[in-house]
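Okay, here's what each chain looks like letter by letter:
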Amino acid sequence: MRKNGQLLSAVAAVFALFGTPAIAAASTAPQAAPIPCSTWQYNVDYNKPIYSSGAGLDEVGRSVNGGFVNVVGFSDTGYRYGNFYTASGQRYQTEKWIHVTHIHYVRCW
């Protein structure tokens with residue numbers, strides 16, 4: 001009896017590690033590939049500098065209260081590039097930069 005119990009325990013351990021045959025067969029089915037993002041939306045901290053370059057040079061304005069940015073570009077120096085919008089969706093800066101410390105991820109598409 002003891003050997004049967006050990007055998008059942010060993011089989012259960014194998015299924016726990018590798019899954020049941022039905023699960024293994026299901027996992028070989030084609031999987032939908034994730035859709036890569038081309039735009040990332042971030043909420044923007046209030047009154048932070050917006051720049052015309054990705055190096056943090058040439059300030060062109062400040063972020064508005066409740067605004068957001070749709071990011072489409074990234075710099076190696078920690079800046080994000082995109083169009084800036086008010087909370088109501090009106091664009092107020094086009095193709096500008098902001099530092100990553102002033103934005104907070106929302107979603108991507």
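What you see is a predicted model, and the numbers here were worked out from it, not measured in a lab. (Residues numbered from 1 in each chain as written. Predicted model: local features only at pLDDT ≥ 70, side-chain atom pairs only at ≥ 80, totals over all residues. Heavy atoms only, no water.)

A. Representation of the packing of aromatic side chains. Counted under the stated rule, the structure contains 6 aromatic pairs. Taken together, a centroid distance of 5.0 Å and an interplanar angle of 75 degrees make the contact between Trp40 and Phe74 edge-to-face. Here Trp40 is found in strand 1 (residues 40–44), whereas its partner Phe74 is found in strand 4 (residues 68–74), with 34 residues between them in sequence. Among the residues examined, Trp40 registers a relative accessible area of 22% and is labelled partly exposed. (Phe/Tyr/Trp six-rings, centres within 6.5 Å; stacked < 30°, edge-to-face > 60°. Helix = DSSP H or I, 4+ residues; strand = E, 2+ residues; numbered from the N terminus. Buried < 20%, exposed > 50% of the residue type's maximum accessible area, 1.4 Å probe, protein only.)

B. How the structure looks around the environment of Lys96. Relative to the elements of secondary structure, Lys96 occurs in strand 6 (residues 91–99). Expressed as a C-alpha distance, the spacing of Lys96 and Arg80, which sit 16 residues apart in the sequence, is 8.2 Å. Beyond its immediate stretch of four places on either side in the chain, Lys96 contacts Ile50, Tyr51, Ser52, Val60, Arg80, Tyr81, Gly82 and Phe84. Here Thr94 takes part through its backbone oxygen, which lies 3.0 Å from a polar atom of the side chain of Lys96. (Contact = heavy atoms within 4.5 Å. Polar contact = N/O pair within 3.5 Å; in protein donor to acceptor, adjacent residues only side chain to side chain.)

C. Expanded view of the nonpolar core. Ranked by size, the top nonpolar core spans 8 residues in total: Tyr42, Val44, Ile50, Val69, Val71, Phe84, Ile98 and Ile103. Listed by contribution, the elements that provide at least two residues to this core are strand 1 and strand 4. Apart from the residues within four sequence positions on either side, Tyr42 is in contact with Phe68, Val69, Val71, Ile103, His104, Tyr105 and Val106. (Core = buried A, V, L, I, M, F, W, Y, C linked by side-chain atoms within 4.5 Å.)

D. Here's a closer look at the pattern of salt bridges. Taken as a whole and judged by the stated rule, the model has 1 salt bridge. Arg62 is the partner of Glu59 in a salt bridge, and the nearest nitrogen-oxygen pair spans 3.4 Å. For Glu59, a relative accessible area of 45% translates into the label partly exposed. (Salt bridge = Lys/Arg side-chain N within 4 Å of Asp/Glu carboxyl O.)

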